[in-house]
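Structural overview
Here is what each chain is made of, one letter per residue.
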Amino acid sequence: MQGIPSAEAQSRYDRYPADTILVAPDGAILDYVPDRGDVVISRDGMGRRVFIDRYGNVLATEIRQETYRPARAEEYPPAPGGYRRFRDLGGYQDGYGYQDYRDYRPGEPGSVTGAIPGSGSVTRMPLDEQPMPGADDSYPQEASIEPDQQAIESLHPQKPIIAVTKKPQAEIAALQVFLDREGISPGVIDGHLGENVNKAIAAWQEMTGETLDPNNSEDIMQRLTYSGGLPIIDYTITAADAAGPYVAAIPEDYAHKAQLPAMSYTSVTEKLAEQFHMDENYLKALNPGVDFTIPSTIIKVVNPGQPKAGQVTRIVADKGRKQVFAYGADNQLIAAYPATIGSTDTPSPTGTHTVQRVALDPGYTYNPKINFKQGNNDQILQIPPGPNGPVGKVWIALSKPTYGIHGTPEPSKIGKTNSHGCVRLTNWDATELAKMVKTGATVEFVE
């Protein structure tokens, strides 16, 4: 079709309206119409047809000619040559804290989950941690969407469209920060690749209809400049940060937990890591030799996004992908979070349920007649609220008794271990979701 204006070339196909054009993710108008045998056709959140190749890449979106407006130079994405190099934006500054760090990950204690809401508290079942089975490397090579399907469908690919190559931790952290700001959580930001990052990339592509190249660091940094600036910034430790209150340790025995005034953080680093959506060891690695207990100390922290806003009317808990998807009334994806959902021995629910109640900073009621017996405890125990409590900082109760969506005292384990049937998110993700969801919203458990 060389020599034929692109819009004219596209309109020559009778099966496509003459007043529409196909626009690639970079804003270019396609000068051809993909053969039906080479693509599948989905629809985006605006109901427009989206052409996707057999590997899940978005080729083009069909839009009306009169609504097409090429991006100006000051808009994103900029014209070719408009990017500044990653290092020019601070990505590799010496002493900036971007150096690779050693693997600080020691063995971590088990978590708890479960669920029966009491009055102002939550009755929960303790969790036996179980390692997740090995990831299955096989994944669909084609989207399973019928060409003329009118309903808006989600692809939920298990792998990112473009595989992430080995990258410096600075660039991986920048990618994680970008996804976090978009409301597509990668879990804890730690500068490490993993399935939580891969799933977030796939969810972002579903939400936007764009293709994200995670290996294009210049593009990621350019996107970051439009959403809050550099991924790592300075932060001055305040007197309140240093003062706490903190507890020396969180005991395993529930009777000892019940004696604490609160299930508080155990250190300034734990508190700050959660505040900035970070892995605690990554925070320490970015600030070697720093005494975090001294007010006015300047440290390096992640620069995460503001909480996502919107009204969530439908939640999908995908057991296979260990991910939670939050949709609005228009069925448009608003946010996505890595999650721990059930286990083989204690599976999560099936089918569709509703949100009954949302509680922030919930307590925990241990009842040996409902929970299995923990240690020598044979009496009902009231465990106080706090971020290190069994359900973290949030409890979203479901209509199915004893089940809910909640936070966790161990954010680095999300998506990597099993739960006792409920849905666990990081505390910050659970808080974000809790502030967007209302009573009556549907919660669908899918395999």
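Residues numbered from 1 in each chain as written. Predicted model: local features only at pLDDT ≥ 70, side-chain atom pairs only at ≥ 80, totals over all residues. Heavy atoms only, no water.

Helix and strand counts for the protein chain stand at nine helices and 19 strands. Summarising the internal contacts of the protein chain: among those between residues at least 6 apart in sequence, 64% fall at separations of at least 24. Split by element, the accessible area of the protein chain, about 20,100 Å² in all, is 51% carbon and sulfur. (Helix = DSSP H or I, 4+ residues; strand = E, 2+ residues; numbered from the N terminus. Contact = heavy atoms within 4.5 Å. Areas by Shrake-Rupley, 256 points an atom, 1.4 Å probe, with all protein chains shown as cover.)

This part takes up the sheet that holds strand 18 (residues 423–424). On the basis of which strands lie adjacent, the open sheet formed by nine strands has the order 11-10-9-19-13-16-17-18-12 and mixed pairing. On the outer flanks of this sheet lie strand 11 (333–338) and strand 12 (340–341), each paired with one strand and no other. Pairing between strand 17 (residues 404–406) and strand 18: two bridges, direction parallel. By the bridge assignment, His 406 is partnered in strand 18 with Arg 424. Here helix 9 (residues 427–434) sits on the sheet and contacts strand 9 (312–318), strand 10 (323–327), strand 11, strand 13 (351–360), strand 16 (394–398), strand 17 and strand 19 (437–446); the angle it forms with strand 16, its principal contact strand, is near 55°. (Pairing = 2+ DSSP bridges. Axes fitted to C-alpha atoms, helices over the stretch in contact; angles between N-to-C directions.)

Moving on, we get to the UniProt feature "active site" (unreviewed entry) in the protein chain. As recorded in UniProt, the sites labelled "active site" (unreviewed entry) are His 406 and Cys 422. A compact arrangement is adopted by the annotated residues: their sequence extent is 17 residues, whereas the largest C-alpha distance between any two is 7.9 Å. By secondary structure assignment, the location of His 406 is in strand 17. What makes His 406 buried here is its relative accessible area of 0%. With respect to the secondary-structure elements, Cys 422 resides in the loop between strand 17 and strand 18. (UniProt positions renumbered as here; feature names shortened; annotations may be inferred. Buried < 20%, exposed > 50% of the residue type's maximum accessible area, 1.4 Å probe, protein only.)

What follows deals with the side chain of Ser 185. On the secondary structure map, Ser 185 appears in the loop between helix 2 (169–181) and helix 3 (195–208). At a separation of 2.9 Å, a polar atom in the side chain of Ser 185 contacts the main-chain amide nitrogen of Gly 187. A distance of 2.7 Å separates a polar atom in the side chain of Ser 185 from a polar atom in the side chain of Asp 429. When near neighbours in sequence (up to four residues on either side) are disregarded, Ser 185 contacts Leu 179, Asn 196, Ala 200, Ala 336, Tyr 337, Pro 338 and Asp 429. (Polar contact = N/O pair within 3.5 Å; in protein donor to acceptor, adjacent residues only side chain to side chain.)

Below, the discussion takes up the packing of aromatic side chains. Under the definition given, this model contains four aromatic pairs. Taking 5.0 Å as the distance between ring centres and 65° as the angle between the ring planes, the aromatic pair formed by Tyr 235 and Phe 276 counts as edge-to-face. Taken together, the residues span a long stretch of sequence, with Tyr 235 in strand 7 (residues 232–236) and Phe 276 in the loop between helix 7 (268–275) and helix 8 (280–286) at a distance of 41 residues. Of the residues examined, Tyr 235 reaches a relative accessible area of 17% and is grouped as buried. For Phe 276, a relative accessible area of 10% puts it in the buried group. Ring centres 5.3 Å apart and planes at 90° place the aromatic pair Tyr 254 and Tyr 366 in the edge-to-face group. With Tyr 254 in helix 6 (residues 254–258) and Tyr 366 in strand 14 (residues 363–366), this pair connects stretches of sequence that are 112 residues apart. Pair check on accessibility: Tyr 254 and Tyr 366 agree, each one buried. One aromatic cluster is present, formed by Tyr 254, Tyr 364 and Tyr 366 through successive ring pairs. Directly above the ring of Tyr 327 sits Arg 314, whose terminal nitrogen or CZ lies 4.6 Å from the centroid. (Phe/Tyr/Trp six-rings, centres within 6.5 Å; stacked < 30°, edge-to-face > 60°. Lys NZ or Arg CZ within 6 Å of the ring centre and 35° of its normal.)

Overall, antiparallel pairing links the four strands, which are arranged 1-4-3-2 in an open sheet. Bordering the open sheet on either side are strand 1 (20–23) and strand 2 (39–43), each of which pairs with just one other strand. On average, each strand axis in the sheet is tilted by 25° relative to the strand beside it, whichever way the strands run. Sheet topology places strand 3 (residues 49–53) next to strand 4 (residues 58–64); three bridges connect them, and they run antiparallel. Looking at the pairing, Val 50 lines up with Thr 61 of strand 4.

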